[in-house]
Amino acid sequence: MTFLTDLKARFVREHVTLALDDIQALILRARPEPYVGIHAMLHIDDAAGGRDLIRRMAEHIPSAAGWTDDRDAWMGMALSFQGLKALGVPESSLTSFPLPFQQGMAQRAEQLRDVGSNAPEHWDDAFQPGICHIALTIYARDEAALDVAIDKAMGELERSRGVTLVGKHVFGADEEAKNPFGFRDSISQPAIAGSGVAPLPGQERSIAAGEFILGENSETGAPVAMPEPTELGRNGSFVVLRKYESQAGAFNDFVRSQAEDEAAQDLLAAKLVGRWRSGAPLTLAPEQDDPALGADPKRNNDFDFSKDPRGLMCPHAAHMRRLNPRDSQLTILTDVNIHRIIRRSSTFGPKWRRELTASDDKGERGIFFIFISARAYDTIEFFQQEWINRGNFIDLATERDPMVGLHQTPGSFTIPETPVRRRVDGITTFNRLRGGEYLFMPSLSALKWIAEAH
């Protein structure tokens with residue numbers, strides 16, 4: 001059963017309380033498996049021309065009203081603060097956005113710990129400050145469908161004036177949907193209250209819609225602050241986009257240096273991530289991979305860490321456990337549910353192979369880490385400062401995330417074992433940041449509001 005088929009089977013329209021016909025489908029609609037797509041970054045030189053393009057492009061953006069339906073391809077649109085400014089959005093509205101969004105990702109490098117090799121001076125041209133005004137993402141089930149969707153989008157761009165394509169990047173993965181390191185990706189997604197779909201086993205309960213959709217009540221019982229006026233903010237959300245070049249060969253070299261045979265190498269890699277490459281979680285398959293478990297959406301996320309308080313099955317420092325501690329006992333008290341995110345990450349480049357070495361790392365593999373949240377900027381900066389680039393919250397001092405942490409000097413990874421824990425040294429930066437931006441994904445009615453030059 002595919003993920004989309006499972007969604008359709010669990011969708012009950014009578015349980016919908018959200019304004020699905022006004023929400024961009026990309027917020028709720030997961031990518032297909034297999035999937036292909038393109039990210040396109042646009043720059044606005046003429047406000048009137050930009051507004052006209054948005055008006056025409058909005059006609060090709062589906063709403064979430066049919067978010068579980070079969071679709072060959074679909075597009076989503078998000079805008080940066082400088083993009084909204086270039087479009088002539090009123091100053092009173094611009095100043096109502098969160099400060100991090102106003103400043104942009106590059107200007108928040110200190111808060112994001114984007115320094116050294118991850119600093120903005122090393123980013124792609126399309127992500128230099130003030131360049132990316134509009135980000136378009138198209139997902140499709142196959143290359144033929146993608147070509148049709150791209151032709152439509154690029155046709156609208158060619159008919160526009162004062163808007164320039166400054167960057168584009170194709171992406172895709174086969175039916176295994178694995179990331180550049182060979183691990184099944186984007187398994188853990190929150191269930192959203194009011195979306196019409198009940199939680200899967202392991203999702204516990206639905207998260208309040210206001211954690212993802214502006215204008216709805218959040219986990220605190222009240223809406224998160226949103227841009228003004230209501231016509232602009234309501235039913236929109238915020239997006240974090242970060243492009244990483246993945247050093248899959250260097251990762252392979254590191255694992256080989258620490259484990260003698262392939263079985264031991266695969267176990268160490270799983271310990272670093274928190275899952276086996278199939279997607280099977282260590283807490284349910286601690287000794288060896290279980291591909292059937294990894295492929296089963298009703299089982300592969302049905303776990304918590306209550307039976308693994310010491311991290312003997314899944315280390316506390318594992319990437320997955322860091323970014324979703326579930327019910328782990330944390331040294332620094334945190335409400336995990338206000339840091340839940342909708343993942344829309346996309347992989348690009350050749351598939352992972354066991355024989356890759358560091359000499360094969362030429363920047364052709366990577367991942368666009370993209371997530372959606374009403375608290376997106378607070379969340380990513382919290383992640384980067386606490387859960388990714390520190391270890392205090394799990395009593396591991398300066399130890400960093402082994403997969404996405406920035407290791408300016410070789411780092412370490414702690415594996416709890418009996419009678420004493422094991423420390424693995426020599427971890428380097430396996431994902432190098434090559435750009436990103438803070439974005440706002442307006443509702444469909446808000447896109448029309450922007451296009452009408454309010």
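By the naming in an unreviewed UniProt entry, the chain goes by Peroxidase and is assigned to Duganella margarita. Looking at the chain in UniProt, the text filed under Cofactor (unreviewed entry) is "heme b".

**Q** Quick one: what's the story with the packing of helix α3 (residues 47-57) against helix α8 (residues 143-158), residue by residue and with numbers?
**A** Axis separation between α3 and α8 bottoms out at 10 Å; the angle between their running directions is 155°. Here α8 runs roughly antiparallel to α3, going by the angle between their axes. The hand of the α3/α8 crossing is right-handed. In this structure, α3 uses Leu53, Arg56 and Met57 to contact α8, whose residues at the interface are Ala153, Glu156 and Leu157. Here the residues of the contact of α3 with α8 are counted per class, giving 4 nonpolar, no polar and 2 charged.

**Q** Lay out the pairing of strand β8 (residues 366-373) in plain terms, naming residues and giving numbers.
**A** In terms of burial, β8 is a largely internal element, 8 of the 8 residues being buried. Burial along β8 is two-sided: Gly366, Phe368, Ile370 and Ile372 facing one way and Ile367, Phe369, Phe371 and Ser373 facing the other are all buried. Taken together, the 8 bridges between strand β5 (residues 237-246) and β8 define a ladder with antiparallel strand orientation. Note that in β8 the partner of Arg242 across the bridge is Phe369. Here 2 bridges tie strand β6 (residues 342-343) to β8, and the two strands are oriented antiparallel to one another. The residue bridging Arg343 from the neighbouring strand is Phe371, located in β8.

**Q** Now, about the packing of aromatic side chains: what can you tell me, with residues and values included?
**A** This model, assessed by the stated rule, comprises 23 aromatic pairs. Each residue in the set Phe81, Phe97, Phe101, Phe238, Tyr377, Tyr438 and Phe440 is aromatic and connected to the rest through ring pairs, giving one cluster. When the ring centre of Phe305 is taken as origin, the NZ or CZ atom of Arg321, which lies over that ring, is 4.0 Å away. Against the face of Phe303 rests Arg326, its NZ or CZ located 3.9 Å from the ring centre.

**Q** Provide a residue-level description of the packing of helix α10 (residues 248-258) against helix α11 (residues 262-273), including the pertinent values.
**A** In contact at an axis separation of 9 Å, α10 and α11 are set at 120° when each is read in the N-to-C sense. The angle between α10 and α11 falls in the class oblique. Regarding α10 and α11, the two cross each other, and that crossing is right-handed. Residues Phe251, Phe254, Val255, Arg256 and Gln258 of α10 form the contact with α11, whose own contacting residues are Gln265, Leu268, Ala269 and Leu272. The class makeup of the residues in the contact of α10 with α11 is 6 nonpolar, 2 polar and 1 charged.

**Q** Run through the environment of Ala47, naming residues and quoting values.
**A** Structurally, the position occupied by Ala47 is in helix α3. Spatially, the C-alpha atoms of Ala47 and Val89 are 9.4 Å apart, while their sequence positions differ by 42 residues. The residues contacting Ala47, other than those within four sequence positions of it, are Ala86 and Leu87.

**Q** So what's going on with α10? Which residues, and what values?
**A** Looking only at α10, the buried set comprises Ala248, Gly249, Ala250, Phe251, Asn252, Phe254 and Val255. Considering only its buried residues, α10 is in contact with β5, α11 and β10 (422-427).

**Q** Describe the environment of Lys362, listing the residues and the values that go with them.
**A** Looking at where Lys362 falls in the secondary structure, it is placed in the loop between β7 (346-348) and β8. By relative accessible area, which is 67% here, Lys362 ends up exposed. Note: C-alpha distance between Lys362 and Pro416 (54 residues apart in sequence) is 34 Å.

**Q** Can you break down the UniProt feature "domain: DyP dimeric alpha+beta barrel" (unreviewed entry) in the chain residue by residue, with the values?
**A** Annotation from UniProt places "domain: DyP dimeric alpha+beta barrel" (unreviewed entry) at residues 75-154. Its end C-alpha atoms 12 Å apart, residues 75-154 is made of 39% helix and 15% strand.

**Q** Outline the nonpolar core, listing residues and values.
**A** Core analysis: the largest hydrophobic core is formed by 124 residues, its most contacted members being Ile54, Leu84, Phe251 and Leu272. What Phe251 contacts, discounting residues up to four positions off in sequence, is Phe181, Phe183, Ala269, Leu272, Arg277, Met403 and Phe430. Core analysis: the next-biggest nonpolar cluster, separate from the first, contains 11 residues, Ala270, Trp276, Phe305 and Ala318 among them.

**Q** Tell me about a negative patch on the surface, residues and numbers included.
**A** Taken together, the side chains of Asp142, Glu143, Asp147, Asp151 and Glu158 define an acidic patch exposed on the protein surface. Within the secondary structure, Asp151 sits in helix α8. The class of Asp151 is exposed, set by a relative accessible area of 55%.

Reading guide: rules and limits
- Residues numbered from 1 in each chain as written.
- Predicted model: local features only at pLDDT ≥ 70, side-chain atom pairs only at ≥ 80, totals over all residues.
- Heavy atoms only, no water.
- UniProt positions renumbered as here; feature names shortened; annotations may be inferred.
- Axes fitted to C-alpha atoms, helices over the stretch in contact; angles between N-to-C directions.
- Helix = DSSP H or I, 4+ residues; strand = E, 2+ residues; numbered from the N terminus.
- Parallel < 35°, antiparallel > 145°, perpendicular 65-115°, else oblique.
- Left-handed = near helix turned anticlockwise from the far one by under 90°.
- Contact = heavy atoms within 4.5 Å.
- Nonpolar A, V, L, I, M, F, W, Y, C, P; charged D, E, K, R; others polar.
- Buried < 20%, exposed > 50% of the residue type's maximum accessible area, 1.4 Å probe, protein only.
- Pairing = 2+ DSSP bridges.
- Phe/Tyr/Trp six-rings, centres within 6.5 Å; stacked < 30°, edge-to-face > 60°.
- Lys NZ or Arg CZ within 6 Å of the ring centre and 35° of its normal.
- Core = buried A, V, L, I, M, F, W, Y, C linked by side-chain atoms within 4.5 Å.
- Patch = residues over 30% accessible without salt bridge, like charges linked within 9 Å, V, L, I, M, F, W, Y side chains within 5 Å.
- Areas by Shrake-Rupley, 256 points an atom, 1.4 Å probe, with all protein chains shown as cover.
- Salt bridge = Lys/Arg side-chain N within 4 Å of Asp/Glu carboxyl O.
- Lys, Arg positive; Asp, Glu negative; His and termini not counted.
- Charge placed at Lys NZ, Arg CZ, Asp CG, Glu CD.

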